Amino acid sequence: MRFEASNSVNQPLPIQFANNIRVFIKREDLLHPQISGNKFRKLKYNLIAARQASYHTLLTFGGAYSNHIAAVAAAGHEFGFSTIGIIRGEELVDKINDNTFHNPTLKLAQQQGMRFKFISRSDYRDKTSLKFIEQLKHEFGEFYLIPEGGTNALAVQGCREILTEQDQQQFDYVCCAVGTGGTIAGIIESSLDQQMILGFPALKGDFLQTEIAQWTQKTNWQLMPDYHCGGYAKTTPALLQFVADFYAKTNIEIEPIYTGKMLFGIFDLINNGFFPTNSQILAIHTGGLQGNLNNRFKLS
Ligand SMILES: Cc1ncc(COP(=O)(O)O)c(C=O)c1O
């Protein structure tokens, strides 16, 4: 199974910041056209483990626009696994085969061979119960289970490979968007103690502090909780304007749910004097650009 991360490069932003601060963006979005960004890292050791244990099917969970669902479907297609997506929202059952239904995430996943089971929001909350998993096994046979968002110990192991030795030497700060916390946990684990790892939660709630701490003993990290813009998949006009301006200035496409919020936060922190003079900042582009195809967020 070939999982090579040779496409990821650090690109300096062509933007002049005050105090000789420099920002580079690690283009993890370029790792793979469909298994992009942190998904590539999170799936790598899971797929190797699934293959070694002779599983033929991957099963996972997600919402209707989930980057993780898109990536698992693509990875299954590329590496020869059947895939099953347990999707939040039973109302989608009737829509998925309707030609007028606009949801590139699910349509592309379906084209890659993913089978879906749509469940209600209340069943979805219960999705990890033993009883529900047993029901799924009864329905689909044996499968390798990948959790929602893809975070588990093997995912954290894969995310340790995001930072290179050169990154450890060069950067004072490494910044990363946070959903479930697996990606930043891997980055923290492979960072040097004198580096500071900043996490930008894409959603509200202080549970992420504990979620991340379960994967690492290190303390050189901090969450920046003020840039979720109202919560998961919520946006503000200022955020959407920032994402559009960022593309105009850099020619780098980002999305407003994860990387957009992180960069919005980094720029705001720079303007507010958070970073010392001469800081070298590495911002991780965690991909997820497939989400932009859904056209959910528009500048008014
Ligand atoms: C594009 C993108 N960036 C960042 C994240 C956050 O990663 P994690 O869930 O590991 O915190 C996600 C979601 O999982 C994502 O889809």
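The rules behind the values
- Residues numbered from 1 in each chain as written.
- Predicted model: local features only at pLDDT ≥ 70, side-chain atom pairs only at ≥ 80, totals over all residues.
- Heavy atoms only, no water.
- Helix = DSSP H or I, 4+ residues; strand = E, 2+ residues; numbered from the N terminus.
- Rg over C-alpha atoms; globule rule 2.2 N^0.38 Å.
- Buried < 20%, exposed > 50% of the residue type's maximum accessible area, 1.4 Å probe, protein only.
- Contact = heavy atoms within 4.5 Å.
- Areas by Shrake-Rupley, 256 points an atom, 1.4 Å probe, with all protein chains shown as cover.
- Lys, Arg positive; Asp, Glu negative; His and termini not counted.
- Charge placed at Lys NZ, Arg CZ, Asp CG, Glu CD.
- Near = heavy atom within 4 Å.
- Polar contact = N/O pair within 3.5 Å; in protein donor to acceptor, adjacent residues only side chain to side chain.
- 1 Å grid on protein atoms, 1.4 Å probe; cavity = no way out; pocket = protein on both sides within 12 Å on 5 of 7 lines; lining within 4 Å.
- Sits in = over half its atoms within 2 Å of the grid points.
- Nonpolar A, V, L, I, M, F, W, Y, C, P; charged D, E, K, R; others polar.
- Salt bridge = Lys/Arg side-chain N within 4 Å of Asp/Glu carboxyl O.
- Axes fitted to C-alpha atoms, helices over the stretch in contact; angles between N-to-C directions.
- Parallel < 35°, antiparallel > 145°, perpendicular 65-115°, else oblique.
- Left-handed = near helix turned anticlockwise from the far one by under 90°.
- Disulfide = S-S within 2.5 Å.
- Pairing = 2+ DSSP bridges.

Trainee: How would you sum up the overall build of the protein? Please name residues and give values.
Mentor: Assigned secondary structure in the protein consists of 11 helices and 10 strands. The C-alpha radius of gyration of the protein comes to 19 Å, within 12% of the 19 Å expected for a compact globule of 300 residues. By principal-axis analysis of the C-alpha atoms, the protein measures approximately 60 × 45 × 35 Å. Within the protein, buried positions represent 54% of all 300 residues. Across the protein, the fraction of contacts at a sequence separation of at least 24, relative to all contacts at a separation of at least 6, is 74%. Summing over all exposed atoms, the protein offers an accessible surface of approximately 14,000 Å²; the carbon and sulfur share of this is 47%. Here the protein contributes 27 positive and 27 negative side-chain charges, whose respective centroids are spaced 3 Å apart.

Trainee: A description of unusual backbone geometry should follow, citing residues and the corresponding values.
Mentor: Residue N20 is not a glycine yet carries a positive backbone phi of 60 degrees. Of note, N251 is a non-glycine position whose phi angle comes to about 65 degrees, a positive value. Counting through the fold element by element, N251 comes out in the loop between α10 (237–250) and α11 (259–271). For N251, a relative accessible area of 58% gives the class exposed.

Trainee: Give me the site of the ligand: which residues, what numbers.
Mentor: Lining the immediate surroundings of the ligand are 16 residues, of which K42, G179, T180, T183 and T286 lie closest. K42 places a side-chain nitrogen or oxygen 2.7 Å from an oxygen atom of the ligand. In the environment of the ligand, an oxygen atom lies 2.7 Å from a nitrogen or oxygen atom belonging to the backbone of G181. Expressed as a share of its isolated accessible area of 390 Å², the protein-covered part of the ligand is 97%. Cavity membership is defined here by more than half of the atoms lying within 2 Å of grid points; on that basis the ligand lies in the largest pocket. Secondary structure elements with two or more residues in the shell around the ligand: α1 (38–52), β7 (173–178) and α8 (182–190). If you tally residues by element for the shell around the ligand, the top one is α1, at 3 residues. Considered class by class, the residues forming the shell around the ligand number 3 nonpolar, 11 polar and 2 charged.

Trainee: How would you summarise the pattern of salt bridges if you had to cite specific residues and measurements?
Mentor: Considering all chains together, one arrives at 10 salt bridges under this definition. Measuring nitrogen to oxygen at the nearest pair gives 2.8 Å for the salt bridge that ties D167 to K26. Here K26 lies in strand β2 (residues 22–27) and D167 lies in helix α7 (residues 165–170), a separation of 141 residues in the sequence. Of the charged contacts in the structure, one is a salt bridge between R121 and E91, with a shortest N-O distance of 3.3 Å. On the criterion of sequence distance, the pair formed by R121 in helix α4 (residues 121–125) and E91 in the loop between β4 (82–88) and α3 (104–111) is long-range, its members being 30 residues apart. When salt bridges with common partners are traced through the structure, they connect R88, K127 and E148 into a single cluster.

Trainee: Outline the packing of α10 against α11, supporting the account with residue identities and numerical values.
Mentor: Relative to each other, α10 and α11 sit at 90 degrees, their axes nearing to 10 Å. With respect to α11, the element α10 is oriented roughly perpendicular. Contacts from A238, L239, F242, V243 and F246 of α10 reach α11 at G260, K261, L263, F264 and F267. Grouping the amino acids of the contact of α10 with α11 by side-chain chemistry returns 8 nonpolar, 1 polar and 1 charged.

Trainee: Outline the packing of α1 against helix α2 (residues 67–79), listing residues and values.
Mentor: Running from N to C, α1 and α2 cross one another at 45 degrees; their axes reach a closest spacing of 11 Å. The orientation of α1 relative to α2 falls into the category oblique. Seen from above, α1 lies across α2 with right-handed handedness. Counted together, K39, L43, L47 and R51 of α1 and N67, H68, A71, V72, A75 and F79 of α2 form the full contact between these two elements. Split by residue class, the contact of α1 with α2 holds 6 nonpolar, 2 polar and 2 charged.

Trainee: Tell me about the state of the cysteines, and name the residues and values.
Mentor: In protein chemistry, a disulfide is the covalent bond that joins the sulfur atoms of two cysteines. With the rule as written, the count across this model stands at 0 disulfides. With no disulfide of its own, C176 lies closest to C159 among cysteine sulfurs, the gap being 7.8 Å. You can see C229 has no disulfide; the closest cysteine sulfur is in C175, sitting 16 Å from it. Classification of C229 as buried rests on a relative accessible area of 13%.

Trainee: How would you sum up the sheet that holds strand β3 (residues 57–62)? Please name residues and give values.
Mentor: Taken together, 4 strands build an open sheet; the order of strands is β5-β4-β3-β6 and the sheet is parallel. Each end of this open sheet is capped by a strand with a single partner; those strands are β5 (115–119) and β6 (144–146). Neighbour-to-neighbour, the strand axes of this sheet turn through a mean angle of 20 degrees, independent of strand direction. The strands that α1 touches are β3 and β6; relative to β6, the one it contacts most, it runs at about 165 degrees.

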